[in-house]
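Architecture and fold: a report
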2 protein chains.
Amino acid sequence: MRIVKTINQLRTILGEARRQGQTIGFVPTMGYFHQGHLSLMHQAKKDNDLCVVSIYVNPIQFGPKEDFKKYPRNLRRDSTMAKKENIDILFVPSDNIVYPKSYLTYIDVEKISQLLCGRFRPGHFKGVATVVAKLVNMVGPDVMYLGQKDAQQVAVLKTMLGDLNFSVKVKIVDTQREADGLAMSSRNQYLSPDQRQEAAVLYRALSQARKMIKAGEMSPAKIKAAIRSVIKNGSSGKIQYVQCVNADTLQDLKCLGGNILIALAVFFGKTRLIDNVSIRLHEPKQNKN
Amino acid sequence: MRIVKTINQLRTILGEARRQGQTIGFVPTMGYFHQGHLSLMHQAKKDNDLCVVSIYVNPIQFGPKEDFKKYPRNLRRDSTMAKKENIDILFVPSDNIVYPKSYLTYIDVEKISQLLCGRFRPGHFKGVATVVAKLVNMVGPDVMYLGQKDAQQVAVLKTMLGDLNFSVKVKIVDTQREADGLAMSSRNQYLSPDQRQEAAVLYRALSQARKMIKAGEMSPAKIKAAIRSVIKNGSSGKIQYVQCVNADTLQDLKCLGGNILIALAVFFGKTRLIDNVSIRLHEPKQNKN
């Protein structure tokens, strides 16, 4: 595995690989790897000749009161884990390479960036869309791998890449979960032991919602009420939102149908956790997009 | 010459060319070709194995009161002219291909999009940056050719492509002028015979400014006053702006130095014409960027 720090070095190596006809899989990350990242790397390595993983804690996707400074970073730990996954290139650009002093350009995906988490994190998805467009241009991958855990990120990035006619394909990998169902996240380490135990309630609530839908429940209001009730009764978590939306447009559903995303954000103390499940139903006429 | 209307067809042809090691030069245009476009095509053809020219009148770069509907279009005329320049591919996508119904993504180059013409055309450079990023992703050229006549467009696009780490190179081609100095523009055809004759005053004014600078004049205020005076005394043109700026950052200069751009926009009747000259001087200390 090579650790690459400059765009020129990256382009030299990957240009040569491409000339030899090798395919390139790319996993963009903010580092502090967990099983979720490893599953993305595993899939990328399986599908492609070469796997590039980037680690970059992107400052412009954090709000002024968010956890940019305390976001966990440990390159030694990450590079050991990436090596075990047989990653070919670990790309770790510095801030002055990604955003030089004269930097001015931002990509906005309108509407869907303002929904769900976007209502509470203004500018977050503009930061995500911008850095991923940049990374895709640096790496030039055939396929990019994203985790289903960040469902809105997936929707925003798929829209951005399609709208701007990037030729990279996107592959979504299932959310990896702890034994008790908690979605793996670099932010889980912020939780106290008590909070960590309580946080398993999120997946219990989402699983119950899934069961209700499979059993024929069609009312988003009832689904959301059930989720809220499970979380409130089973934990001290403070709900920021629970929503039933179309998984592609992220528009609220008035009646369940099509490609449904049930997404939530809940605070345990100061730690904000997100999770979701997606369910594909036959689409009722009134929800056609 | 092949006329190509879909992105898939374009990618098939150009993917094959690239596999054969051919280099691709790209000239993005809004059509209604004049000598300025032809000089871009000529350069692109000279430098590359393959030359792709796009014609697309980009709706999102026109303001609601601007000339989108009456902007001149004539594909038969344009394709005859492109054939004579030995262009390989004329790419003419339709609106529903470039901006499908679900379209949401926009690229903003902050600061420099708001200066010069940007002060009077809100949203214009966002539209330009967005469509050019899309076209570059569709074509995947080695080099893109732009005309110096649209100096702010050049600055915005160079910044956008650099900031977003596109690997395409940009080559700037000199402004082509009529015998009396008027910069070639598809919009010149809007001028009445009298206005057409008067419009030559713009280049006379810019040429005098250049002479003053070469003779040692260092005051932007005096340069701008001289330009305004030549235009007012020599025509009925209504000046929208005359500015002396740094050619890369488009920031106003308090003292002339470095890479200077003198740019103006003047109305003749309802027709808005722009023109500029650029002059490279030794950079005085107080203007270092």
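Keep in mind it's a predicted model, so treat the numbers as computed, not measured.

Residue and element names in this part refer to chain A. If you walk across this open sheet you meet the three strands as β8-β9-β10, and the pairing is antiparallel. What marks the edges here is a single partner per strand, and that holds for β8 (238–246) and β10 (271–280). This sheet shows a mean twist of 10° between the axes of neighbouring strands, independent of strand direction. One ladder, built from ten bridges, connects strand β9 (residues 259–268) with β10; its direction is antiparallel. Its bridge partner lying in β10, Ile-262 is registered against Val-277. Helix α8 (residues 201–214) contacts β9 and β10 of the sheet and is inclined by roughly 20° relative to β10.

This paragraph deals with the relation of the copies chain A and chain B. For the pair of chain copies, the relating operation is a rotation around an axis with a shift along it. Superposing chain A onto chain B requires a rotation of 180° together with a translation of 0.0 Å along the rotation axis, leaving an RMSD of 0.0 Å. On the angle and the small slide along the axis, the relation comes out as a two-fold axis. Every residue of chain A has its C-alpha some distance from the rotation axis, and the shortest such distance is that of Ile-107 of chain A, at 2.3 Å. Counting the interface residues of chain A, we find that 100% of their copies in chain B are interface residues as well, pointing to one common contact surface.

Here we take up the nonpolar core. Soluble globular proteins tend to pack their nonpolar side chains together in the buried interior. With 104 residues, the main nonpolar core has Met-160 of chain A together with Met-160 of chain B as its most contacted residues. Dropping the residues within four chain positions of it, Met-160 of chain B is found in contact with Thr-105 of chain A together with Ile-107, Val-109, Ala-129, Val-132, Ala-133 and Phe-166 of chain B.

The next subject is the sheet that holds strand β1 (residues 2–4) of chain B. Residues and elements named next belong to chain B. Strand order in the open sheet formed by six strands is β1-β4-β3-β2-β6-β7, with parallel pairing between adjacent strands. A strand with exactly one partner marks an edge of an open sheet, and here the two such strands are β1 and β7 (169–173). Geometrically, the sheet is characterised by an average inter-axis angle of 25° between neighbouring strands, direction not taken into account. For strand β6 (residues 143–147) and β7, the ladder comprises five bridges, and the chain directions are parallel. Following the sheet pairing, Met-144 is matched in β7 by Val-170.

Here we take up the packing of helix α1 (residues 7–19) of chain B against helix α5 (residues 124–139) of chain B. Residue and element names in this part refer to chain B. Packing of α1 against α5 leaves a shortest axis separation of 8 Å and a crossing angle of 55°. Here α5 runs oblique to α1, going by the angle between their axes. Two secondary-structure elements touch here, α1 through Ile-7, Leu-10, Arg-11, Leu-14 and Arg-18 and α5 through Asn-137, Met-138 and Val-139.

This paragraph deals with the packing of α5 of chain B against helix α6 (residues 151–163) of chain B. Each pair of packed helices gets described by two things: the angle between the helix axes and the distance between those axes. Residues and elements named next belong to chain B. Between α5 and α6, whose axes approach to 10 Å, the crossing angle comes to 55°. Classified by the interaxial angle, the pair formed by α5 and α6 is oblique. You can see that α5 and α6 cross each other, and the crossing is right-handed. Each of Phe-125, Val-128, Ala-129, Val-132, Ala-133 and Val-136 in α5 lies in contact with α6, whose residues at this interface are Gln-152, Gln-153, Val-156, Leu-157, Met-160 and Leu-161.

This part takes up the domain arrangement of chain A. The accessible area lost on association of the parts is a frequent measure of interface size. Residues and elements named next belong to chain A. The assigned domain composition of chain A is domain 1 (2–173) and domain 2 (186–280). Taking only C-alpha atoms into account, the centre of domain 1 sits 26 Å from that of domain 2. Each partner contributes residues to the interface: domain 1 has 22 residues there, and domain 2 has 19 residues. Together, the buried faces of domain 1 and domain 2 total about 1800 Å²; carbon and sulfur atoms form 55% of this surface. For the pair domain 1 and domain 2, the number of links is one salt bridge. We note a salt bridge from Arg-187 to Asp-67, for which the minimum N-O separation is 2.8 Å. Joining domain 1 to domain 2, the criterion identifies six residue pairs in polar contact (both at pLDDT 80 or more). The element that contributes the greatest number of residues to the side of domain 1 that touches domain 2 is helix α6 (residues 151–163), accounting for three residues. Here the side of domain 1 that touches domain 2 is built from residues that sort into eleven nonpolar, five polar and six charged.

Analysis parameters
- Residues numbered from 1 in each chain as written.
- Chains lettered and ligands numbered in written order.
- Predicted model: local features only at pLDDT ≥ 70, side-chain atom pairs only at ≥ 80, totals over all residues.
- Heavy atoms only, no water.
- Pairing = 2+ DSSP bridges.
- Helix = DSSP H or I, 4+ residues; strand = E, 2+ residues; numbered from the N terminus.
- Axes fitted to C-alpha atoms, helices over the stretch in contact; angles between N-to-C directions.
- Contact = heavy atoms within 4.5 Å.
- Least-squares fit on C-alpha atoms with pLDDT ≥ 70 in both.
- Core = buried A, V, L, I, M, F, W, Y, C linked by side-chain atoms within 4.5 Å.
- Buried < 20%, exposed > 50% of the residue type's maximum accessible area, 1.4 Å probe, protein only.
- Parallel < 35°, antiparallel > 145°, perpendicular 65-115°, else oblique.
- Left-handed = near helix turned anticlockwise from the far one by under 90°.
- Domains from an automatic or database assignment.
- Buried area = accessible area lost by both parts, 1.4 Å probe.
- Salt bridge = Lys/Arg side-chain N within 4 Å of Asp/Glu carboxyl O.
- Polar contact = N/O pair within 3.5 Å; in protein donor to acceptor, adjacent residues only side chain to side chain.
- Nonpolar A, V, L, I, M, F, W, Y, C, P; charged D, E, K, R; others polar.

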